[in-house]
Amino acid sequence: RDRSVSRGLGDVYKRQGIGLATILFKKKFSPEERDSGIAAILMGCMGITEGAIPYATADPIRVIPTYVIGSAVGCVSGFLFGCQNHAPWGGLIVLPVVDNRIGYVAGALIGAVVVAVLMRILKPDYVEPEKVEENLDDIEDIDLDIEIF
């Protein structure tokens, strides 16, 4: 069987899964991350990887293993469904050149759901950072004496 199905599904599951997690488990993500989740889903459909990167860089210990596990499950599902991707890239945009399109979409959904559920389990709830208000009266003045020679 051709390994290209793993490449094709690998372009989908991370962004779709993290986007799905931002929709289903809103309390796990900041408002900015939730807004980016929608964009990540759209990027995943086109095979654009950059939608998943901000989440991985913000919390690599939890997110990268989640991506790996979701990838393994999604790609194995695609192989078991007998999918074959004839394009050298992935995402859902390649569906016209995929054998067993239903299996391909199912593999992508399975991988995405695994990513979303693992994010629910592993990621702590988002806590709004406390705003520090400066009291200008408490700041001491600094006196500088400059002498010109």
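Residues numbered from 1 in each chain as written. Predicted model: local features only at pLDDT ≥ 70, side-chain atom pairs only at ≥ 80, totals over all residues. Heavy atoms only, no water.

S.K.: I would appreciate a short explanation of unusual backbone geometry in the present structure.
M.R.: Peptide bonds are, in most cases, trans, and in most cases residues other than glycine have a negative phi. Positive phi is not limited to glycine here, since Asn100 has a value of about 60°. Residue classification places Asn100 among the partly exposed residues on the basis of a relative accessible area of 35%. (Buried < 20%, exposed > 50% of the residue type's maximum accessible area, 1.4 Å probe, protein only.)

S.K.: What am I meant to see in the packing of aromatic side chains here?
M.R.: By convention here, two paired aromatic rings are described through the distance between centres and the angle between planes. The final tally for this structure, using the stated rule, is one aromatic pair. For the pair Phe29 and Tyr55, a centre-to-centre distance of 6.2 Å together with 85° between the ring planes defines the contact as edge-to-face. With Phe29 in the loop between helix 2 (13-24) and helix 3 (31-46) and Tyr55 in helix 4 (residues 53-58), this residue pair connects regions lying 26 residues apart in the sequence. Judged by relative accessible area, Phe29 falls into the buried class, the value being 1%. (Phe/Tyr/Trp six-rings, centres within 6.5 Å; stacked < 30°, edge-to-face > 60°. Helix = DSSP H or I, 4+ residues; strand = E, 2+ residues; numbered from the N terminus.)

S.K.: What is the right way to read the packing of helix 5 (residues 60-80) against helix 6 (residues 101-122) from this model?
M.R.: In helix packing, the relevant descriptors are the interaxial angle and the interaxial distance, both defined with respect to the helix axes. The interhelical angle for the contact between helix 5 and helix 6, taken along N-to-C directions, is 155°, at an axis separation of 8 Å. When the interaxial angle is binned, helix 5 and helix 6 end up roughly antiparallel. Relative to helix 6, helix 5 is oriented so that their crossing is right-handed. Contacts between helix 5 and helix 6 pair Arg62, Val63, Thr66, Tyr67, Ile69, Gly70, Val73, Gly74, Ser77 and Gly78 from the former with Gly107, Ile110, Gly111, Val114, Val115, Leu118, Met119 and Leu122 from the latter. (Axes fitted to C-alpha atoms, helices over the stretch in contact; angles between N-to-C directions. Parallel < 35°, antiparallel > 145°, perpendicular 65-115°, else oblique. Left-handed = near helix turned anticlockwise from the far one by under 90°. Contact = heavy atoms within 4.5 Å.)

S.K.: What's the story with the side chain of Glu33 in this structure? I'm lost.
M.R.: In this fold, Glu33 is placed in helix 3. Although Glu33 is buried, it forms no salt bridge, and the closest oppositely charged side chain is Lys123 at an N-O distance of 4.4 Å. If sequence neighbours within four positions are ignored, Glu33 has contacts with Thr22, Lys28, Tyr55, Ala58 and Lys123. (Lys, Arg positive; Asp, Glu negative; His and termini not counted. Salt bridge = Lys/Arg side-chain N within 4 Å of Asp/Glu carboxyl O.)

S.K.: Is there a simple way to explain the pattern of salt bridges in this structure?
M.R.: Between side chains of opposite charge, a pair can form as their charged atoms come close. Under the definition given, this model contains two salt bridges. Lys28 is the salt-bridge partner of Asp125, the closest N and O atoms lying 3.1 Å from each other. Of this pair, Asp125 sits in the segment after helix 6 while Lys28 sits in the loop between helix 2 and helix 3, placing them 97 residues apart in sequence. On the basis of relative accessibility, which here comes to 39%, the residue Asp125 falls in the partly exposed class. Taking the shortest distance from any N to any O, the salt bridge between Asp59 and Arg62 comes out at 3.2 Å.

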